[in-house]
Amino acid sequence: MALYVQKFGGTSVGSVERIKAVANKVKRFRDEGHQVVVVVSAMSGETNRLIELAEQINDEPTPREMDMLVSTGEQVTISLLAMALHRLGVPATSYTGAQVGIQTDSAYTKARIQRIDTEDLRADLDDGQVVVAAGFQGADDEGNITTLGRGGSDTTGVALAAALGADECQIYTDVDGVYTTDPRVCSRAQRLETITVEEMLELASLGSKVLQIRAVEFAGKYNVPLRVLSSFEDGPGTLIVAESDQEEDSMEEPLISGIAFTDKEAKLTLLNTPDVPGVASRILGPIADANIEVDMIVQNVAPVGDYTDFTFTVAKSDYKQTMQILKDQVLPDLGSGELRGDDNIAKVSLVGVGMRSHAGVASRMFRVLADENVNIRMVSTSEIKISVVIDEKHMELAVRALHTAFGLDKQDIEPE
Ligand code: ADP
Ligand code: ASP
Ligand code: MG
């Protein structure tokens, strides 16, 4: 007998039919003698619908009320799934995040889980119940409802699996595993049998939404066996493994394991800023004070005592506010400079632990982009990834060209 935490995403519970199918799947596991905790998302599109409703009422809703609102989506699906299980004769009880014991800090809309009290949960499981828990939500120590950031049901699943010492956390979704890149953009993408925690962390943070980054962090930190699988068809999915496990199996690692991309960032440049100590902090300080996260940063080399250019990226949703801060606070403070901005950019990233021991990945990447006439606007690297910022209109072309050039294409279909 094993204990599984099974998380079903929005599409997997997107209709009455789908909810019934999930109930059947859960029943199968239970009939085999396993204990099951199910975590569900809101029905697909529901969280966005709720956010749009709020926008129609108030363009600056308080984060507390936003969490009160968006957490309702998951409350619908837990009760419907419990009812569907009852129809099949399976004893099941639904719980909100707070009821299932998920305690978070008070950072509304991006709360972090601090503690999970599993006592009641265990009692239910020992009693033969299937526990159906709402993903994405928790409560702070004053009982306020909080949410864990978009895609946060993945994190609920992995965190519950960690707290319970589950045998596996299974993330059921609308693709049958983690692919070399988003299969919706590149039909030649291949499912990976395994991927390391480290690579998955990079892919998630660089834009692959198949897993929320915090879920991967939890899995790494608490050694939770984590698998991504299809909720529509049976199959092995993709297992997220610790690096050491994978190295034993494969003599030679592929250079690149995956390609991530995002069009959700914007780029800002200050031209002709003074090249003296302290300027970078005078530019980024007011932005950090406004709680805006900065991603890539590039500063040109300037002749001594001269002027330089400073470029960085932020989330597209923070673009306007960042522009305003630069205009109102930073430029007057620096006393010189010219402001440029571009929110039609995309970031494309190659990820692979194999690139650690290989030179030349960057130059090969640049050659492929040059051959496609794609202009590179920024570059950043770390040990296992290379990211470039390009024009948004070239994003999909770049992803496909790189996918082919780095040997990631599925072999049995015609090139696009
Ligand atoms: P859920 O609603 O089940 O949480 P998401 O939409 O959050 O599902 O995540 C699944 C989606 O992630 C897929 O439909 C796919 O388009 C996208 N995706 C992006 N990158 C990848 C990748 N490397 N492998 C698989 N899916 C990916
Ligand atoms: N319903 C939430 C969202 O759409 C959480 C999730 O699905 O993981 O972001
Ligand atoms: Mg998701």
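Refer to the preceding data block for the structure.
Report on the accompanying structure. (Residues numbered from 1 in each chain as written. Chains lettered and ligands numbered in written order. Predicted model: local features only at pLDDT ≥ 70, side-chain atom pairs only at ≥ 80, totals over all residues. Heavy atoms only, no water.)

Turning our eyes to something else, we now look at the pairing of strand E16 (residues 307-315). One ladder, built from eight bridges, connects strand E14 (residues 265-274) with E16; its direction is antiparallel. Bridge pairing in E16 links Thr 269 to Thr 311. Strand direction decides the pairing type here: strand E15 (residues 294-299) and E16, joined by four bridges, are antiparallel. Across the sheet, Gln 299 pairs through a bridge with Phe 310, a residue of E16. (Pairing = 2+ DSSP bridges. Helix = DSSP H or I, 4+ residues; strand = E, 2+ residues; numbered from the N terminus.)

Further remarks concern the side chain of Lys 7. Looking at the element boundaries, Lys 7 is found in strand E1 (residues 3-8). Only 2.7 Å separates the side chain of Lys 7 from the side chain of Asp 154, close enough to count as a polar contact. Those residues within four positions of Lys 7 in sequence are excluded, and the remaining contacts are Val 39, Ser 41, Ser 153, Asp 154, Gln 170, Ile 171 and Tyr 172. (Polar contact = N/O pair within 3.5 Å; in protein donor to acceptor, adjacent residues only side chain to side chain. Contact = heavy atoms within 4.5 Å.)

Turning our eyes to something else, we now look at the site of ligand 1. Contacts to ligand 1 come from 16 residues, most closely from Thr 173, Asp 174, Tyr 179, Asp 182 and Arg 184. Within the backbone of Tyr 179, one N or O atom sits 2.9 Å away from a nitrogen atom of ligand 1. Isolated, ligand 1 exposes 580 Å² of accessible area, and the fraction of that covered by the protein chains is 89%. Along the lines of polarity and charge, the residues of the shell around ligand 1 split into five nonpolar, six polar and five charged. (Near = heavy atom within 4 Å. Areas by Shrake-Rupley, 256 points an atom, 1.4 Å probe, with all protein chains shown as cover. Nonpolar A, V, L, I, M, F, W, Y, C, P; charged D, E, K, R; others polar.)

A separate point is the pattern of salt bridges. Summed over the entire model, instances satisfying the criterion amount to 21 salt bridges. The closest approach of N and O atoms between Asp 31 and Lys 27, which form a salt bridge, is 2.9 Å. Placement of both Asp 31 and Lys 27 in helix H1 (residues 16-31) is noted, with a separation of four residues, approximately one turn of the helix. Accessibility expressed as a relative area gives 23% for Lys 27, which makes it partly exposed. With a closest N to O distance of 2.6 Å, Arg 188 and Asp 409 form a salt bridge. Taken together, the residues Arg 188 in the loop between strand E9 (168-173) and strand E10 (194-196) and Asp 409 in the segment after helix H13 (395-405) connect sequence positions 221 residues apart. On the basis of relative accessibility, which here comes to 9%, the residue Asp 409 falls in the buried class. Members of the salt-bridge network, linked through shared partners, are Lys 25, Arg 28 and Asp 234. (Salt bridge = Lys/Arg side-chain N within 4 Å of Asp/Glu carboxyl O. Buried < 20%, exposed > 50% of the residue type's maximum accessible area, 1.4 Å probe, protein only.)

Before going further, it helps to spend a moment on the sheet that holds strand E3 (residues 92-95). Overall, mixed pairing links the eight strands, which are arranged E3-E6-E2-E1-E9-E11-E12-E10 in an open sheet. Sheet topology places E3 and E10 at the edges, where each strand pairs with a single neighbour. Sheet twist, expressed as the average angle between the axes of neighbouring strands with direction ignored, equals 20 degrees. Direction of pairing for strand E2 (residues 35-40) relative to strand E6 (residues 130-134): parallel, over a ladder of four bridges. Bridge assignment links Val 38 to a residue of E6, and that residue is Val 132. (Axes fitted to C-alpha atoms, helices over the stretch in contact; angles between N-to-C directions.)

This part is about the nonpolar core. Core analysis: the biggest nonpolar cluster contains 41 residues, and Val 37 and Ile 240 have the highest contact counts within it. Leaving out residues up to four positions away in the same chain, Ile 240 has contacts with Val 178, Ile 195, Thr 196, Val 197, Met 200, Leu 211, Leu 226 and Val 228. Core analysis: the second largest hydrophobic core is formed by 24 residues, Ile 256, Leu 369, Phe 406 and Leu 408 among them. (Core = buried A, V, L, I, M, F, W, Y, C linked by side-chain atoms within 4.5 Å.)

This next bit is on the packing of aromatic side chains. Inspection of the entire model under this criterion finds four aromatic pairs. When the ring of Tyr 4 is compared with that of Phe 29, the centres are 5.4 Å apart and the planes differ by 75 degrees; the resulting orientation is edge-to-face. Linking Tyr 4 in strand E1 with Phe 29 in helix H1, this pair joins segments that are 25 residues apart in sequence. Side by side, Tyr 4 and Phe 29 carry an identical accessibility label, which is buried. (Phe/Tyr/Trp six-rings, centres within 6.5 Å; stacked < 30°, edge-to-face > 60°.)

Turning our attention to the site of ligand 2. Taken together, the neighbourhood of ligand 2 is formed by Ser 41, Thr 47, Glu 74, Phe 136, Arg 150, Gly 151, Gly 152 and Ser 153. At a separation of 3.0 Å, an oxygen atom of ligand 2 approaches a polar side-chain atom of Ser 41. Take Gly 152: an N or O atom from its main chain is 3.4 Å from an oxygen atom of ligand 2. Out of a free accessible area of 260 Å², ligand 2 has 86% covered by protein chains. Here the residues of the shell around ligand 2 sort into one nonpolar, five polar and two charged.

Together, Glu 52, Glu 55, Asp 59 and Glu 60 make up a region of like negative charge exposed at the surface. Looking at where Glu 55 falls in the secondary structure, it is placed in helix H2 (residues 46-57). (Patch = residues over 30% accessible without salt bridge, like charges linked within 9 Å, V, L, I, M, F, W, Y side chains within 5 Å. Lys, Arg positive; Asp, Glu negative; His and termini not counted. Charge placed at Lys NZ, Arg CZ, Asp CG, Glu CD.)

Before going further, it helps to examine H13. Inspection of H13 places Met 395, Ala 398, Val 399, Ala 401, Leu 402 and His 403 among the buried residues, and these make up the whole buried set. Elements that come into contact with the buried residues of H13 comprise strand E13 (258-262), strand E18 (345-351), helix H12 (361-371) and strand E20 (385-391). Gly 407 sits one or two residues past H13 and shows a positive phi near 70 degrees.

Now for helix H11 (residues 319-334). Of all bends in H11, the biggest is about 40 degrees, found at Leu 326. Burial in H11 covers these residues: Tyr 319, Thr 322, Met 323, Ile 325, Leu 326, Val 330, Leu 331 and Leu 334. Where H11 is buried, its residues meet E14, helix H10 (279-289), E16 and strand E17 (338-342). Directly beyond the C-terminal end of H11, a positive phi value near 80 degrees is found at Gly 335. (Bend = angle between axes of the 7 residues up to and from the residue.)

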